[in-house]
Amino acid sequence: MVTLKYKIYIDAPREKVWESLWKDENYRNWTEPFTPGNHAVSEWNESDPIQFLDGKNNGIYGIIETKITNEVMVFKQLGDVLDGTDMKREWAGAREQYFLLERDGTTKVKVSVDVLSEYVDYMKKAFPVALEKLKVLAEN
């Protein structure tokens, strides 16, 4: 498992950035570089289950491990969703973490994501593109 880290500065208050990250229509938009039709299924509360799915409803499932509104969101991945069935995977326990820090109206978004080595190149290409889309959403 490899942990990748990203950061981006967005000229918007963290409340706007938070909404841009997790509101359904925004989430679908900024995560599109990962997989077409990407969306999340959850009530978005701490300890709730969550599924991150593509346009064919395949993807990843886990739980929202930590949620501090407008500040922190941590997902603990548990496995894959294939054809509507949850399957545990060797990377179960991987985390995806988002931290929002605001200063003078600019929000720094720090992301840490655990990935298997075979997905490192893919994530290194897709994540910066996704974060740029997030920046455009939040700044407009």
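Cut-offs and rules
- Residues numbered from 1 in each chain as written.
- Predicted model: local features only at pLDDT ≥ 70, side-chain atom pairs only at ≥ 80, totals over all residues.
- Heavy atoms only, no water.
- Core = buried A, V, L, I, M, F, W, Y, C linked by side-chain atoms within 4.5 Å.
- Buried < 20%, exposed > 50% of the residue type's maximum accessible area, 1.4 Å probe, protein only.
- Helix = DSSP H or I, 4+ residues; strand = E, 2+ residues; numbered from the N terminus.
- Contact = heavy atoms within 4.5 Å.
- Polar contact = N/O pair within 3.5 Å; in protein donor to acceptor, adjacent residues only side chain to side chain.
- Pairing = 2+ DSSP bridges.
- Lys, Arg positive; Asp, Glu negative; His and termini not counted.
- Salt bridge = Lys/Arg side-chain N within 4 Å of Asp/Glu carboxyl O.

### Describing the nonpolar core
Grouped together as the largest cluster of nonpolar side chains are 33 residues, with contacts concentrated most on Trp-22, Trp-30, Phe-75, Tyr-98 and Phe-127. Elements with a minimum of two residues in this core: β1 (2–10), α1 (14–22), α2 (24–30), β3 (49–53), β5 (72–82), β7 (95–103), β8 (106–115) and α3 (120–139). Residue contributions to this core peak at 8 residues, all from α3. Among residues more than four places away in sequence, those in contact with Trp-22 are Tyr-27, Trp-30, Trp-44, Met-73, Phe-75 and Tyr-98.

### Considerations on the environment of Glu-139
With respect to the helices and strands, Glu-139 occurs in helix α3. For Glu-139, a relative accessible area of 32% corresponds to the partly exposed category. Counting along the chain gives 126 residues from Glu-139 to Pro-13, while the straight-line C-alpha distance between them is 9.1 Å. In this structure, Glu-139 is in contact with Tyr-9, Ile-10 and Asp-11, ignoring residues within four places of it in sequence. Only 2.7 Å separates the side chain of Glu-139 from the backbone nitrogen of Asp-11, close enough to count as a polar contact.

### Some words on the pairing of β3
Direction of pairing for strand β2 (residues 39–41) relative to β3: antiparallel, over a ladder of 3 bridges. In the sheet register, Ala-40 faces β3, and the bridge partner there is Phe-52. Hairpin connection of β3 to strand β4 (residues 59–68): 5 residues between the antiparallel strands, including Asn-57 at a positive phi of 60°.

### So, the side chain of Asp-54
With respect to the helices and strands, the residue Asp-54 is situated in the loop between β3 and β4. At 6.7 Å, Lys-56 is the nearest oppositely charged side chain to Asp-54, a buried residue that forms no salt bridge. A polar side-chain atom of Asp-54 sits 2.8 Å from the main-chain amide nitrogen of Lys-56.

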